Amino acid sequence: MIPVNLPLVDGREKELLIECIESGWISEGPYVKKFEENFSNFIGMNHGIAVTNGTAALEAAIFAIDLKEGDEVIMPSFTIISCAIVALRFGAKPVLVDIEPLTWNINVDQIESKITSRTKAIMAIHMYGHPCDIDPILDLAKKYNLKVIEDASQVAGALYKEKRCGGIGHISAFSLYANKIVTTGEGGMVMTSDDKMADRARSYRNLCFRPDRRFYHTELGNNLRMTNMQGAIGIAQLERIDEFVEIKRANGARYRELLDPIPGIRAQIEKPWAKMVYWMYAVELDESTGWDAEKMMAELFSRGVETRPFFIGLHEQPALLDKGLYRNEEFPVTYNSSRQGFYLPSSMSLTDTQINFVVDQIKDILEV
Ligand SMILES: *Cc1c(COP(=O)(O)O)cnc(C)c1O
């Protein structure tokens, strides 16, 4: 079986982890701070605030921008549920915008019509390794006085017009889960260059302890602290991020070369202003092939190829529909892509032989 994704942890991770254990720094510790500095420097933000996972990073970012009950947050309909959960947790409403079909990122032309007097923020979520078109989002944010929260979980190392994703919006969130470009096992990071927002995110991460009076709280926080062991792994991972990105891009190029000529299956377009990182090699089947993602994934699995389906639209989530959201709203591109899209094995350890095997199976199934 060719797995859909394996992490690459054969750098200094083990050495630094052993050091944590031998020194006794296994909860908080110096590696967390160093990792925050290294990662935020790499991305180009003044502050990094390490947390327990990507969902927690989004939660702390939402707190940092001071989202309040009744506020609205605009986000794409095609994303992980974490984005909606964190808005709802603060009593805000996730307002959805459909995606554009070529990169599966938010359709920026449809955002302005969703802005109301209650809109407080736009989530610029970069999908499957390809940046979303964030400049028009920043323009709207300026015009309507909104905050832009980047979700850069799938794009560590990607560039938007020479700028690193996650370093462009007012505040950003990264997941460091095992399948992300840089991992700490579980983990996440908030980044911002705004001192006040950084203070708020840092405070939220640690139960909103007041610096002036311990065990006295004027706001409700959470415990989202990263361990020193995760920080150690993060430092070792980050040392290799350029190498990781080049491996992902080389695998992506290889898939592209072999799959592009095949009719009925297409990959993400790389826009001229983007340097994508091929977080996962994502493809969408044309309905004219007679195949949908579910059927194709089952067939590939039976031939030894593990894949993963695309997200299901937020407007189709019973947990959100039960709250009275999105009852009569339609997001046709999201709807279609969630049925026709899936991603192929994308490990950094993937060999050319494995890529050839995957592509041969697809050709055989599609009879081309
Ligand atoms: C992985 C991911 C998350 C969630 O991160 P966790 O670490 O699993 O909580 C959030 N947003 C995006 C875009 C992701 O890819």
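Criteria and cut-off values
- Sequence order as written defines the numbering, with residues in each chain counted from 1.
- The model is predicted, so local features are restricted to residues of pLDDT at least 70 and side-chain atom pairs to those at 80 or more, both for listing and for counting; the totals for chains, interfaces and linings are taken over all residues.
- Each side-chain value is derived from all of the structure's non-hydrogen atoms; neither hydrogens nor water enter the calculation.
- Paired strands are those between which DSSP finds at least two bridges.
- In this description a helix means any DSSP run of H or I spanning at least four residues, a strand means any run of E spanning at least two, and both kinds are numbered starting from the N terminus.
- Angles here are taken between N-to-C directions and fall from 0 to 180 degrees, while the axes themselves are lines fitted to C-alpha atoms, restricted in helices to the stretch in contact.
- Residues are treated as being in contact if the distance between any of their heavy atoms lies within 4.5 Å.
- Salt bridge, as applied in this entry: a Lys or Arg side-chain nitrogen positioned within 4 Å of an Asp or Glu carboxyl oxygen.
- Burial classes follow relative accessibility: with a 1.4 Å probe on protein chains only, a residue under 20% of its type's maximum area counts as buried, one over 50% as exposed, and anything between as partly exposed.
- A score from 0 to 100, pLDDT tells how confident the predictor is in each residue.
- To count toward a patch, a residue needs a relative accessible area above 30% and no salt bridge. Like charges then connect within 9 Å, nonpolar side chains (Val, Leu, Ile, Met, Phe, Trp, Tyr) within 5 Å.
- To measure how exposed things are, a 1.4 Å probe is used in the Shrake-Rupley method; for residues, cover is taken only from the protein chains shown.

Sheet architecture is open: seven strands sit in the order β1-β9-β8-β5-β4-β2-β3, paired in mixed fashion. Where the open sheet ends on each side, the last strands, each with one partner, are β1 (47–51) and β3 (93–97). When strand polarity is set aside, the average angle formed by the axes of neighbouring strands in this sheet is 25 degrees. Sheet analysis places strand β2 (residues 72–76) next to β3, joined by five bridges and oriented parallel. If you follow isoleucine 74 over to β3, its bridge partner there is valine 95. Against the sheet, helix α4 (residues 82–89) contacts β2, β3, β4 (119–125) and β5 (147–151), and its axis sits at roughly 175 degrees relative to β2. Across the sheet, helix α5 (residues 134–144) is in contact with β4 and β5; its angle to β5 comes to roughly 155 degrees.

As a further point, take the sheet that holds strand β11 (residues 274–275). On the basis of which strands lie adjacent, the open sheet formed by three strands has the order β7-β6-β11 and antiparallel pairing. With one partner strand each, in any of the chains shown, β7 (163–164) and β11 form the two edges of the open sheet. Bridge analysis of strand β6 (residues 159–160) against β11 gives two bridges, and the strand direction is antiparallel. Residue pairing for β11: tyrosine 160 is matched across the bridge by alanine 274.

Once that is clear, we can look at the pattern of salt bridges. Across all of its chains, the model carries 25 salt bridges by this definition. The salt bridge involving arginine 308 is made with glutamate 306; its shortest N-O contact spans 3.5 Å. The exposure class assigned to arginine 308 is partly exposed, which follows from its relative accessible area of 35%. Residues participating in the shared-partner salt-bridge network are Asp66, Lys68, Arg200 and Glu219.

On to the confidence of the model for the protein. Summary statistics for the protein give a mean pLDDT of 98 and a share of 100% for residues scoring 70 or more. Taken element by element, the predicted model of the protein shows its lowest mean pLDDT in strand β10 (residues 265–267) (97) and its highest in strand β8 (residues 171–175) (99).

Quick look at a nonpolar patch on the surface now. On the surface, a nonpolar cluster with roughly 200 Å² of combined accessible area is contributed by Ile80, Ile81 and Ile85. Looking at the secondary structure, you find isoleucine 81 in the loop between β2 and α4.

Take the pairing of strand β12 (residues 281–285) next. By the criterion of burial, β12 is predominantly enclosed, with five of the five residues buried. In β12, alternate side chains face the same way, and those of Tyr281, Val283 and Leu285 on one face and Ala282 and Glu284 on the other are all buried. The pairing of β10 with β12 spans three bridges and is classified as antiparallel. If you follow isoleucine 265 over to β12, its bridge partner there is leucine 285. The sheet contact formed by β12 and strand β14 (residues 341–344) spans four bridges and is antiparallel. Residue pairing for β14: alanine 282 is matched across the bridge by tyrosine 343.

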